[in-house]
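# Observations on chain architecture
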Amino acid sequence: GSDCRTSSVALQWLLHAIKRGDLSRILEPLFLTLLQPSTARQSYRYVKAKEKQTLRPDFVVENEEQYVLIGRSNSFVESPSNSSTASKIRGSTSADVLFKELKDQKVNTFDSDSERSNHSRNDSGEVFENTPNTHLAVEDSLAINPGHYADETRLLSATEMQMTMDSDYYEKAKCEIGLAVLTQEHLTILQQIYKQESLDAALVMLEEVFLAVFAESDSRYRSQDTLADDESELDTATQRKSERDLTQSLSPIPEPLKLHDSLKQLSSDQGHQLFYIEKYDSAQILHSMTLLDTILSAAPRPFINSTSSTNILSSSQLQELLFRHKSSINANAFYRKIEAENLSEFRNVMYLEVMITVCLYFVQSSHRNPSHEVDNVMVQVAAAKLLDKALRSVIDLLMEGGGGFSSYIYDMIQRCKVSHVVLLCLASSVRSHRDWADSNGDVLQMQLLCLTFTLVKLEDQLYLNGDKDQTGGSSDVDSLRSGNPTLTYNNDERLSHQSLFLATIVAALRANNLVHVHSQWINCVLAALPDVDYALKDITVALSNQLCRNVEIFAGYYDRAMINGTSCGDIHLAPPDSVLVLLEGLMSLCQYCLVECARLNPASTSSQPTAGGGKEAAGFSVMKLFGGDTSKSIADPGGVITSQHPLLDARKSLLNILPRILSALLVLWNSITVASSTQETQNPMWILGTAKEVRQRILDIVSTVAIHHNTSLLAAVALVWGDRGQRTSPWSLAPPNSEQKSLVDLLKSVKALPPDTLLQTVRHVIKQPPVSKRKSHMIPIEVNMLQFSFAYMSLMTSSQLKQSWDNISSLLRDGHLTQGPSGHVILFGILYDFVQRTSSSLLSDKKDKRSNSATKDDGDVKMDKKVLKDLQEIAVKLVEALTNASSMGLEQPTWLSKQLVVKRGYQTPLTSRFGYDEIMHRTGVEVTPFVESLLTLSESAATIFDIAWTSDEREKAVLPLITNLLYVIQPYLRTHTLENIPCLQASSALIASLSGYQYTRKAWRKDIFDIFMDRSFFHIDFTTISNWHAIIDHLFTQDKTSLKELSRQVATVQSGVSIFTSKEQESDQRGQLLKRLAFTVLSSELDQYIRNLPEIQERITDCLKLTNSPVVHREVFLFFRVLLLRISPNQLDSLWPILTTELLQVFVQMEHDLFKGFNKDKFPPSAVEENQLSLYLSACKLLDLLICLNCVPQFNMYKWAFIGEDDVKLRTMVGRKRFIPYILRIGKILIDKGCMVQRLVQPPPGYPLLMNHSITSAGQLVPFLVTVCPSIIPSDPMTASEIPSLISPLDCRKDVCPSLEVSFKDLDSMEFIERWVNADFLESMPQ
């Protein structure tokens, strides 16, 4: 109770004193204490300038006790002397007297009151104690005059000096020798002083030196006083340079910096910093500041009113101290002579300005001795807190109006350079911060941070109260966007508009050692957004970019923690929920720049809200908590934002970097999804934010943008989709990668963006795509948007697709009108996906339509009819568009010709060694638009035609489309070149898909049969021949007369067709027809042509009757292999005599030719004709197949004639007059002729051995013969050449068909044999 009464009485007394104008009686003692001489300071620039000199010891004579040091040593040297008076010797790095060379050179000496302590520093900054009774040897030094300490533990401080000495030149000369010039004569006198036994005589001689040098020192003092009246006019160039060096590493760096990267070291030049000359009583200073803080807190408004209107005219001591502190800071001596005119500038200074000046002095001052900094930091915090509280009280008064008071405050802020000093101190605290755990630096930085943003609010209030040009009207941060940003402080700009201000914020958020205070930085910046005016755009962009960079770095920590199972050491300082803090900062930015702008001016938003947000005001909690006034962002009294308002620029800029924000959120979303999928509840990174909380914050941010700016959001999604889609496949419909899937999952989780709204917004983006600075070769935004839509719709259910048909149909229509070939491909894929997934309902609708079923009400029937009608209309337009795109690779050879041919050089040439389906997934291969269009039609067109139209409608609506399509693709089907392989494959795939439907036969039957009978038909690759299997199967299965027509052509080949037709041409023609008949059978199912087997056997018999026709016989053996695969063994009984007879006949002929064509000494491969060699190869392949199909019982009856039954028996038969198998005979002949003896590595059972597509000599068959009949090799070889070497079946050839370049493990035996037989139908393709 007594304390309360005492406080009440004290408050009443304080208010009474303020009311009666007696506040000066209270404040003057406090300010005299705060300005006591022990707190004298020197500017860092002055100290730095002296350190750049060649350091020598100095002379300092301190009143009656003098310290003298002569020489190069920076240590104290002393000897005993008279105890009544003493001379003291000391040295310092900031020496008052700097010696240069002794001979014929002048030595400049500076008196500095900088070393009034028991410590001194050498050049390296080390601190030495002034230890008494110590003697040090000095090399090359002058004579030393030892002194004796009267009091070994006491140094005379500045507070013990008499200020009345200013009137006495002689006394002043004894205490100050500043900027004097000691000549060689003076130095000689000093040497003599050392030799004097009497101290009085030494002092007399010293007086002569002082009087001699003082004349020059006095003139220099006076000239320096004139130059140092205003701190801003002292060495302006040096000050600018110091500020640039100070903030060099704070410049925004274009390259992304990770959170754990250290800030670049700033220059050591800090022009704003002050250093204390000696140690002061910090407890006394803190007590005085606490009293001021208490008075200000008790009566803030009366206190500010009184201190801003009461000057210090009545306090001469206060004026004198202010002048001396300013003089000391400006590189002058603290105790200098004061003229009357020197104090004139302080007579009208108000107490408020004195308080602000004193607080700034303490804030920017520090000790050079680190051991004193702990107490000094406490003083700095108290000073910054007091200054912050005073400025907040000033803001409260400014908000009430009053132009005169605003002008006074503005002038005072400018005159005291409050913003300048505080900003430099804040920037310096960011740079110099090292270990927050061991210091109070974080407390000081947070107080400076609050003070800085209080100044931002103060300047904004001054701007609102006065002339708009008073505190600057444009932002200096524009220089940050230039190539050479300057970070010097611009006095003509507001604090929030300074480039240094923005650079400091970015640097603080980049520093990993400040990660634990990032939340305070973010909250302060967010709270100041309503007060930064035209700097809002730049601050918003810079803050958003830095927050996104930090989010991505934290996402990497989640990934590494999941892999390593431990937390990352780089982030050990991060407080809990650090990720949530970053996301909340982004949320608040979006709320202020997007939601607030939409709330104040709905007409300016890109789209109206489509779903309830429920959290529109959540982002303003931080601003309101820190004093931010969001309603103040309205400059117009009408409540509508003008076109030049900063908030509009900020909104536009934030929407421009929305892809950057979304990309960072996507990285974090993906990391959280992967980390949570491991089901690790003890993940060390969950302390930064759990998966549930992080997901919810991300969804809140995206929802906020989706509600008010869904068009911009979807445009950003398109850009992110393209940037993340670094696929190896160039196809527009390639499946999305993992990052793109995460993007779809993110958008699908946004409740504020349902499927209907999303599809509707996609339509707007495609119709009016945003302007982007993307490179010309990159995928257009519209295509990325369609790809995203396709991936999004693939996750929708069939019912959702059907409910969203109106939006899907509108998207397909609008996209058809605005998109190119790539867009049409994606749109057709969307249509196909819709038709395929809703086919059951669409098919039932068609049945209801045909049967006029009454099970549905009229509304449902009309709706279903409308869906089908729209579907048909869109399908027709897209098929026509893709057909036109497919014709881009065609041209008319002449302007009169209507026939189209394939353009030369329009496609990338491809080798026949790889199918195009494999090449599509290789990097660097460009997919041309017409190839992509053909592939899309081949995959989707037939299904859409079948589902969208009824059987009665197809002939009228679909056949014209197919006819036009065939007209376009025929040139591709007829051009068999390596360059045309992609189109050839795509066109054959399209015909294969269409030919499966009976109603399409009329459109393609005749043209396809003509292409099949073309002589160059088999000049194709393996992928194309696979498609043609389906086409031929459909052709001959649907039309029973086609096989008979082909068989008849084989039988009716005559040489009398033309008198110029030779027998070789007739054989070649018959062989080609027989080959097509064999291909037809190979394209069928098992036993499909068993009824036609007699006719087929008859055609084979007719061909075998031709003599000297190895081409025809070669095709017969190929046909035999086909029949073994397509006809059951028990159905081939009638064929076996013909097969074995012809096979034996070929081996007999081969044995005869080898004897005839080879002599004992030489084996010329060119002696055997090429056709004959191909016949031998075909016969050996037939034998190889018979061996593989070991289950054929008929062959076992004839096996002995070819390879024998037992290898041991065969070896005993050699040399006897018994039957020797033909393989053994032929092999012996070839080995005797000098062929290399090799054996194939035995493949798994059921796989063929002979992989050669062609041979150039019979010797290439030796490995096969040796493998199937080992008896060819002697059991006891006499020479090394007779020992067979093992080789792989794939290596035993000159060239191998590309289709066989697979491992035996890739396919089972029958699939491999199918591929093996198909390879023999292929013929080399021309370029």
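Preceding this paragraph is the structure being described.
Residues numbered from 1 in each chain as written. Predicted model: local features only at pLDDT ≥ 70, side-chain atom pairs only at ≥ 80, totals over all residues. Heavy atoms only, no water.

## Some points on the overall build of the protein
Put simply, the rule is: Elements are defined by DSSP. Helices are runs of H or I of four residues or more, strands are runs of E of two residues or more, and each kind is numbered from the N terminus. Buried means the residue's accessible area, taken with a 1.4 Å probe over protein chains only, is under 20% of the maximum for its type, while exposed means over 50%, and partly exposed covers the values in between. Note on contacts: a residue pair is in contact if any heavy atoms of the two residues lie within 4.5 Å. The accessible surface values rely on the Shrake-Rupley method and a 1.4 Å probe; as for residues, cover is taken only from the protein chains in view.
Within the protein, the regular secondary structure consists of 50 helices and 14 strands. For the protein, the residues scored as buried account for 56% of the 1327 residues in total. Residue pairs at least 24 apart in sequence account for 78% of intrachain contacts in the protein once pairs closer than 6 positions are excluded. Carbon and sulfur atoms form 52% of the exposed surface of the protein, whose accessible area is close to 57,100 Å².

## Description of the packing of aromatic side chains
Aromatic ring pairs are defined here through the distance separating the ring centres and the angle between the ring planes. Heads up, the rule is: Between rings of Phe, Tyr and Trp, where Trp is taken as its six-membered ring, a pair exists when centres lie within 6.5 Å; planes separated by under 30 degrees are stacked, by over 60 edge-to-face, and by other angles tilted.
Scanning the model with the defined rule gives 26 aromatic pairs in all. Arranged with centres 6.2 Å apart and planes meeting at 35 degrees, the rings of Phe 1012 and Phe 1079 form a pair that is tilted. Of the two residues, Phe 1012 is situated in helix α37 (residues 1001-1012) and Phe 1079 in helix α40 (residues 1063-1082); the sequence distance between them amounts to 67 residues. Both residues of the pair, Phe 1012 and Phe 1079, count as buried.

## Looking at the sheet that holds strand β9 (residues 274-276)
Rule in force here: Two strands qualify as a pair provided DSSP detects at least 2 bridges between them.
Within the open sheet, the three strands sit side by side as β1-β9-β10. Their pairing is mixed. The open sheet terminates on both sides in strands that have one partner only, identified here as β1 (41-43) and β10 (365-366).

## Remarks on the packing of helix α11 (residues 351-363) against helix α14 (residues 418-432)
Basically, it comes down to this: Whenever a helix is involved, its axis is fitted only over the stretch in contact; in every case the axis is a line through C-alpha atoms, and angles between N-to-C directions fall within 0 to 180 degrees. Angles are sorted into four bins: roughly parallel if under 35 degrees, roughly antiparallel if over 145, roughly perpendicular if 65 to 115, and oblique for all others. Each crossing is labelled by how the near helix is turned from the far one, with a counterclockwise turn of less than a right angle marking it left-handed and a clockwise turn marking it right-handed. Gly is placed with the polar residues, together with every amino acid not listed as nonpolar (Ala, Val, Leu, Ile, Met, Phe, Trp, Tyr, Cys and Pro) or charged (Asp, Glu, Lys and Arg).
Put simply, α11 and α14 touch, their axes get as near as 11 Å, and they point 20 degrees apart. With respect to α14, the element α11 is oriented roughly parallel. α14 is crossed by α11, and the crossing has left-handed handedness. Listed contacts from α14 to Ile 356, Leu 360 and Val 363 of α11 are Val 418, Val 421, Val 422 and Cys 425. A breakdown of the residues in the contact of α11 with α14 according to their chemical character gives seven nonpolar, no polar and no charged.

## Section: unusual backbone geometry
One non-glycine residue, Asp 533, lies in the positive phi region at around 55 degrees. Within the secondary structure layout, Asp 533 lies in the loop between α17 (518-528) and α18 (536-564). Of note, Asp 577 is a non-glycine position whose phi angle comes to about 60 degrees, a positive value. Its place among the elements puts Asp 577 in the loop between α18 and α19 (578-600).

## With respect to the packing of α11 against helix α13 (residues 403-416)
The N-to-C vectors of α11 and α13 enclose an angle of 30 degrees; their axes lie 11 Å apart at closest approach. The orientation of α11 with respect to α13, classified from their angle, is roughly parallel. In this structure, the crossing between α11 and α13 has a hand that is right-handed. Listed contacts from α13 to Leu 352, Glu 353, Ile 356, Thr 357 and Leu 360 of α11 are Tyr 408, Ile 409, Met 412, Arg 415 and Cys 416. When grouped by side-chain class, the residues that make up the contact of α11 with α13 number seven nonpolar, one polar and two charged.

## A closer look at the pattern of salt bridges
Our working definition: Here, a salt bridge means any side-chain nitrogen of Lys or Arg that lies within 4 Å of a carboxyl oxygen of Asp or Glu.
As enumerated under the stated definition, the model contains 34 salt bridges in all. In this structure, Arg 415 engages Glu 353 in a salt bridge whose closest nitrogen and oxygen atoms are separated by 2.9 Å. Of this pair, Arg 415 sits in helix α13 while Glu 353 sits in helix α11, and the two are 62 residues apart along the sequence. Judged by relative accessible area, which is 9%, Glu 353 ranks as buried. Between Glu 584 and Arg 697 there is a salt bridge, with the nearest N and O atoms lying 3.4 Å from each other. Pair noted here: Glu 584 is in helix α19 and Arg 697 is in helix α23 (residues 691-708), with a separation of 113 residues, a long-range link. Given a relative accessible area of 38%, Glu 584 falls into the partly exposed group.

## Examining the nonpolar core
Basically, it comes down to this: We define a nonpolar core as any set of buried Ala, Val, Leu, Ile, Met, Phe, Trp, Tyr and Cys residues linked to one another through side-chain atoms lying within 4.5 Å.
Judged by nonpolar contacts, the single largest core of 344 residues is most densely connected at Ile 409, Phe 788 and Leu 831. The contacts of Leu 831, once residues within four sequence positions are left out, are Trp 805, Leu 812, Leu 871, Ile 874, Ala 875, Leu 878 and Ile 944.

## Quick word on the side chain of Thr 883
Inspection of the secondary structure assignment puts Thr 883 in helix α32 (residues 858-886). For Thr 883, a relative accessible area of 9% puts it in the buried group. Sequence-distant contacts of Thr 883, defined by excluding residues within four places in its chain, comprise Leu 937, Asn 964, Leu 965 and Val 968.

## A short note on helix α16 (residues 499-510)
Helical geometry note: an α-helix holds 3.6 residues per turn, so side chains three or four residues apart project in the same direction. Stated formally: How far a helix is expected to stretch is found by multiplying one less than its residue total by 1.5 Å.
Here α16 is 12 residues long and its end C-alpha atoms lie 17 Å apart, about the 16 Å a rise of 1.5 Å per residue gives. The buried count for α16 comes to 12 of 12 residues, which makes it a mostly enclosed element. Considered for burial, the residues of α16 that qualify are Ser 499, Leu 500, Phe 501, Leu 502, Ala 503, Thr 504, Ile 505, Val 506, Ala 507, Ala 508, Leu 509 and Arg 510.

## Digging into the environment of Tyr 351
Topologically, Tyr 351 is positioned in helix α11. Discounting chain neighbours no more than four positions away, the residues touching Tyr 351 are Ser 24, Leu 27, Glu 28, Phe 31, Thr 307, Thr 310, Asn 311, Ile 312 and Leu 318.

## A closer look at the environment of Thr 1052
Threshold: Whenever two N or O atoms come within 3.5 Å, that pair is a polar contact, provided that in protein one can donate a hydrogen and the other can accept it, and provided that, for residues adjacent in sequence, both atoms are side-chain atoms.
On the secondary structure map, Thr 1052 appears in the loop between α39 (1041-1051) and α40. On the basis of relative accessibility, which here comes to 47%, the residue Thr 1052 falls in the partly exposed class. Considered as a pair, Thr 1052 and Arg 1070 are 18 residues apart in the sequence and their alpha carbons are 9.2 Å apart. Of the polar contacts made by the side chain of Thr 1052, one reaches the backbone oxygen of Arg 1048; its length is 2.8 Å.

## A look at helix α27 (residues 781-793)
For α27, with 13 residues, the first-to-last C-alpha span of 18 Å sits near the 18 Å given by 1.5 Å per residue. Burial analysis of α27 places 11 of its 13 residues in the buried class, the great majority of the element. Among the residues of α27, those classed as buried are Ile 781, Val 783, Asn 784, Met 785, Leu 786, Gln 787, Phe 788, Ser 789, Ala 791, Tyr 792 and Met 793. The inward-facing, buried residues of α27 contact α24 (710-724), α25 (738-748), α26 (755-767), α28 (798-803), α29 (805-818) and α30 (821-837).

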